[in-house]
Amino acid sequence: TIKTGEGLNRGEYEIEIQRGQFELLWPLTESKRIEKTRYEIVYNNSLIELDIYKDSLDGLVTAEVEFHSEKDSTMFIPPDWFGKDVTNDKRYKNKNLALDGCP
């Protein structure tokens, strides 16, 4: 998966790679990995992706909702259990979590 952009408008591209490609690339990620369990929760016609992090990020929990448009995102009313919005906080990008740890 490759994600581009910042904030609300981001692109996301997923491609499947072959086993040999994975085995070549995986060692390059050593000490730059995150481990998490993802749960998908349907909520008011939206899909919440709830990530519970493990290992050095133990205790961190994030929720992400993807929208078809910015209008849809402004209409979204999060459930009461949502915490602080970190959409624009670069420290919570997976890359930065892997390199820098928990903010």
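In case you missed it, the structure is sitting above this.
What counts and what doesn't
Residues numbered from 1 in each chain as written. Predicted model: local features only at pLDDT ≥ 70, side-chain atom pairs only at ≥ 80, totals over all residues. Heavy atoms only, no water. Pairing = 2+ DSSP bridges. Helix = DSSP H or I, 4+ residues; strand = E, 2+ residues; numbered from the N terminus. Axes fitted to C-alpha atoms, helices over the stretch in contact; angles between N-to-C directions. Buried < 20%, exposed > 50% of the residue type's maximum accessible area, 1.4 Å probe, protein only. Polar contact = N/O pair within 3.5 Å; in protein donor to acceptor, adjacent residues only side chain to side chain. Salt bridge = Lys/Arg side-chain N within 4 Å of Asp/Glu carboxyl O. Contact = heavy atoms within 4.5 Å.

Once that is clear, we can look at the sheet that holds strand β5 (residues 61-65). Two modes of strand pairing occur in sheets, parallel and antiparallel, and in both the strands are linked by backbone hydrogen bonds. A sheet is described by the order of its strands in space; here three strands give the open sequence β3-β4-β5, paired in antiparallel fashion. Of all the strands in the sheet, the pair left with one neighbour each is β3 (36-43) and β5. Taking each pair of neighbouring strands and ignoring which way they run, the sheet shows an average axis angle of 20°.

Glancing now at the side chain of Asp-51. Within the secondary structure layout, Asp-51 lies in strand β4 (residues 46-53). We classify Asp-51 as buried; its relative accessible area is 2%. One polar contact links Asp-51 to Lys-36, side chain to side chain, over a distance of 3.1 Å. A polar side-chain atom of Asp-51 sits 2.7 Å from a polar atom in the side chain of Arg-38.

A separate point is the pattern of salt bridges. Considering all chains together, one arrives at eight salt bridges under this definition. A salt bridge links Arg-19 to Glu-23, with the nearest nitrogen and oxygen atoms 3.8 Å apart. Note that Arg-19 and Glu-23 are positioned in helix α1 (residues 19-25) at a spacing of four residues, about one turn of the helix. Taking the shortest distance from any N to any O, the salt bridge between Asp-89 and Arg-91 comes out at 2.7 Å. Three or more residues joined by partner-sharing salt bridges are found here, namely Lys-36, Arg-38, Glu-49 and Asp-51.

Time to look at the environment of Leu-8. Locating Leu-8 in the fold gives a position in the loop between β1 (2-6) and β2 (9-13). C-alpha of Leu-8 to C-alpha of Ser-69: the two residues are 61 residues apart in sequence and 9.3 Å apart in space. Leave out the neighbours within four places in its chain, and Leu-8 touches Glu-70, Ser-73, Thr-87 and Asn-88.

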